[in-house]
Amino acid sequence: MPLSQIAGNLSVLASFPAFVLYYLFYSTFDFNDPEGRVSDTTTFLNAYDFIVIGAGSSGSVVANRLTEMSDWKVLLLEAGGDETIISDIPGVVHHLQRTNIDWSYKTVPQTGSCLAFKDNRCTWPRGKVLGGTSVLNYMVYARGNKQDYDQWEANGNPGWNPYIAANKKYHGTGGYLTVQEPAYTTPLVTAFIQAGVEMGYQNLDCNAAQQTGFMVAQATSRRGKRCSTAKAFLRPIRKRPNLYISMRSRVHKIIIDSSTKQATAVRFEKEGHIYEVRANKEIIVSAGTVNSPQLLMLSKIGPEDHLNSFGIPLMADLPVGDNLQDHIALGGMVFRINKPLGVMEARYYSLPSLLNYTIHGAGPLTSLGGTEGVAWVKTKYAPPGDWPDIQYHFVSATPASESGLFFRYNTNMKDSVWDNYYKPIVNTDMWQLIPTLLRPKSRGTIRLA
Ligand SMILES: *[C@@H]1O[C@H](CO)[C@@H](O)[C@H](O)[C@H]1NC(C)=O
């Protein structure tokens, strides 16, 4: 272990008391703190008006809105526990995958992609925690393109055309979710944006009138810390008497009445006990891209042949789990630099850096794991208008920006790729550009295993 790394590790240890003080402060002085922790329901009513399955990026919002109606009782079920002070720190985001707040999925072996990863399988991180994947992600706040929504509506999905939103101001104040630029940026992102301007793109707020352009990343963050959907939408309303949040509650099945085909109840497991609670009005499935179709299939809704092959009786033959789409990103475009500007463990995980974060909510640990800039550009294949087909993530870090303890394993990287490509440049100053395909033609499926 090189001396600099030993020194780095020691300073992490030395800053531990600062974390403890910070944690004690926030947990002691709860009062009516909008960020006070939610409490966990341990006894259950026989029935609620609504049962929301999954407290992630959407379930947290749904539970918030439903409980505005004070005579509706809402049960929110989450398979994971609460966030930690570690998941609050943007600068250590790469430490979160493969821990107990991640479902840690992998794709099946691929033939034309994921080739740098063991068994040609990509890892597929998904949040198993209050706030869902908004607790694991790199926090980049990016709105959808209005033409995509128009297209969805034109494809037969009424309600997606955002003409109302377009008539209002582009950003509000006083809402639940906080969006900020990170307090800390490096000169690298300035150079990135300058390069975009030289190529004829505009430097603008790509979350406003026009998406095509270059900008400093906006983040779902508050005072330098992660603002997950749980922090944004659940903590401030945790004292509503009609909201019941149950953590570590894994839903096994939605019970559907076979004669009326009405979903009537939810069966879930918590701390070894099986509970079945009824929903008087509705059950909302917001368990995420993977677990929502899984749960529907376990509840007898899905492709007939597939359910048959598992001996699951059929309630409804529907293409559940089909049409899976993702915004595929390409790693590996790495550029080395000869100035001390990239993410480096010694700079990011130092005592001054931890103190700056703890006391001022500033410094390198507020960086989105090095994701500093984003841009939306149009290739020659893009349709006309403000409808870019590629998004760039500009990152002042690479998988080799740390000693090979996290990214390498987060991505399930083949040893040969690590040894030949990244290992020789470990812990040097670098940046990388991650192009992301916005409207891929490939389609995948979610199936039971
Ligand atoms: C903390 O970080 C900010 C940048 O985010 C920097 O401007 C400031 O000088 C730092 N403060 C200390 C005490 O290091």
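Residues numbered from 1 in each chain as written. Predicted model: local features only at pLDDT ≥ 70, side-chain atom pairs only at ≥ 80, totals over all residues. Heavy atoms only, no water.

A. Just the overall build of the protein, in detail. Along its length, the protein carries 13 helices and 17 strands. Computed over C-alpha atoms, the radius of gyration of the protein comes to 23 Å, within 12% of the 22 Å expected from 2.2 N^0.38 for 449 residues, which places it in the range of a compact globule. Expressed as lengths along the three principal axes of its C-alpha atoms, the size of the protein is roughly 70 × 55 × 50 Å. Every one of the 449 residues in the protein was classed for burial, and the buried ones make up 46%. Of the accessible surface of the protein, which amounts to about 22,700 Å², a share of 57% is contributed by carbon and sulfur atoms. If the 43 positive side-chain charges of the protein are averaged to one point and the 37 negative ones to another, these points end up 1 Å apart. (Helix = DSSP H or I, 4+ residues; strand = E, 2+ residues; numbered from the N terminus. Rg over C-alpha atoms; globule rule 2.2 N^0.38 Å. Buried < 20%, exposed > 50% of the residue type's maximum accessible area, 1.4 Å probe, protein only. Areas by Shrake-Rupley, 256 points an atom, 1.4 Å probe, with all protein chains shown as cover. Lys, Arg positive; Asp, Glu negative; His and termini not counted. Charge placed at Lys NZ, Arg CZ, Asp CG, Glu CD.)

B. Representation of the state of the cysteines. Following the criterion strictly, the structure yields one disulfide and no others. Note that Cys114 is cross-linked by a disulfide to Cys122, the S-S spacing being 2.2 Å. For the disulfide bridge between Cys114 and Cys122, the dihedral angle about the S-S bond is near -110 degrees, and by the sign convention the bridge is left-handed. The class for Cys114 is buried, based on a relative accessible area of 13%. (Disulfide = S-S within 2.5 Å.)

C. Expanded view of the site of the ligand. Every residue near the ligand is listed here: Ala183, Tyr184, Asn356, Ala362 and Gly363. Between the ligand and the protein, one listed contact pairs an oxygen atom with a backbone N or O atom of Ala183 at 3.5 Å. A distance of 2.8 Å is found between an oxygen atom of the ligand and a backbone nitrogen or oxygen belonging to Gly363. Protein chains bury 41% of the 360 Å² of accessible surface belonging to the ligand in isolation. Split into classes, the residues belonging to the shell around the ligand amount to three nonpolar, two polar and no charged. (Near = heavy atom within 4 Å. Polar contact = N/O pair within 3.5 Å; in protein donor to acceptor, adjacent residues only side chain to side chain. Nonpolar A, V, L, I, M, F, W, Y, C, P; charged D, E, K, R; others polar.)

D. View of the UniProt feature "binding site: FAD" (unreviewed entry) in the protein. Following the UniProt record, the feature "binding site: FAD" (unreviewed entry) maps to Val129, Thr133, Asn137, Tyr138, Met139, Val140 and Val251 here. These residues run over 123 residues, and the two farthest C-alpha atoms among them are 29.7 Å apart, placing them at more than one spot. Take Met139: it is sitting in the loop between strand 4 (123-124) and helix 4 (146-154). In this structure Met139 touches Pro90, Gln218, Ala219, Thr220, Ser221, Lys225, Arg226 and Leu368, once residues within four positions along its chain are discounted. (UniProt positions renumbered as here; feature names shortened; annotations may be inferred. Contact = heavy atoms within 4.5 Å.)

E. Region of the structure containing the pattern of salt bridges. Enumeration over the complete set of coordinates arrives at 15 salt bridges. Among the ionic pairs, Arg235 bridges to Glu83, the shortest N-O distance being 3.3 Å. Here the residue Arg235 occupies a position in the loop between helix 7 (229-234) and strand 8 (243-246), and Glu83 occupies one in the loop between strand 2 (74-77) and strand 3 (105-106), the gap between them amounting to 152 residues. Where salt bridges share partners, they join Asp40, Arg248, Lys270 and Glu271 into one cluster. (Salt bridge = Lys/Arg side-chain N within 4 Å of Asp/Glu carboxyl O.)

F. Quick look at unusual backbone geometry. Even without being glycine, Cys114 reaches a positive phi, approximately 60 degrees. If you trace the backbone, Cys114 turns up in the loop between strand 3 and strand 4. One non-glycine residue, Arg248, lies in the positive phi region at around 45 degrees. Residue position: Arg248 is located in the loop between strand 8 and strand 9 (249-256).

G. Looking closely at helix 8 (residues 288-298). Among all positions in helix 8, only Val290, Asn291, Ser292, Pro293, Leu295 and Met297 are buried. At the exit of helix 8 stands Lys300, carrying a positive phi of roughly 75 degrees.

H. Structural context of the environment of Ala279. Relative to the elements of secondary structure, Ala279 occurs in strand 11 (residues 273-285). Under the relative-accessibility criterion, Ala279 is labelled buried at 10%. C-alpha separation for the pair Ala279 and Ala316, spaced 37 residues apart in sequence, amounts to 20 Å. Discounting chain neighbours no more than four positions away, the residues touching Ala279 are Tyr48, Asp49, Ile51, Thr264 and Ala265.

I. Examining the nonpolar core more closely. With 26 residues, the main nonpolar core has Ile51, Ile53, Leu75, Val266 and Phe268 as its most contacted residues. Broken down by secondary-structure element, the contributors of at least two residues to this core are strand 1 (47-53), strand 2, strand 9, strand 10 (263-270), strand 11 and helix 8. Those residues in contact with Ile53 that sit more than four places away from it in its chain are Leu77, Val251, Ile254, Val266, Ile283, Ile284, Val285, Ser286, Ala287 and Leu295. Counting 16 residues, the second largest nonpolar core, distinct from the first, contains Ala55, Ala230, Ile237 and Met247. (Core = buried A, V, L, I, M, F, W, Y, C linked by side-chain atoms within 4.5 Å.)

J. The packing of aromatic side chains, seen in detail. A complete count under the given rule lists 16 aromatic pairs for this structure. Plain terms: the ring middles of Phe44 and Tyr275 are 4.7 Å apart, the flat faces sit at 55 degrees to each other, and that makes the pair tilted. Here Tyr275 lies in strand 11 and Phe44 lies in the loop between helix 2 (16-28) and strand 1, a separation of 231 residues in the sequence. These aromatic residues form a ring-pair network of at least three members: Phe192, Tyr201, Phe214, Phe335, Phe394 and Trp431. Sitting above the plane of the Trp103 ring, Lys128 keeps its charged end 4.5 Å from the centroid. Its guanidinium or amino end placed over the ring of Tyr357, Lys225 lies 5.3 Å from that ring's centre, counting from NZ or CZ. (Phe/Tyr/Trp six-rings, centres within 6.5 Å; stacked < 30°, edge-to-face > 60°. Lys NZ or Arg CZ within 6 Å of the ring centre and 35° of its normal.)

K. A look at the pairing of strand 8. On strand 8, burial covers both faces: Leu243 and Ile245 on one face and Tyr244 and Ser246 on the other are all buried. Where strand 2 lies against strand 8, four bridges are found, and the strand directions are parallel. If you follow Leu75 over to strand 8, its bridge partner there is Tyr244. (Pairing = 2+ DSSP bridges.)

L. Main features of helix 4. Taking the backbone nitrogen of Gln147 as reference, a side-chain oxygen 2.8 Å away marks Asn145 as the first, capping residue of helix 4. Immediately beyond the C-terminal end of helix 4, within one or two residues, lies Gly156, with a positive phi of roughly 105 degrees.

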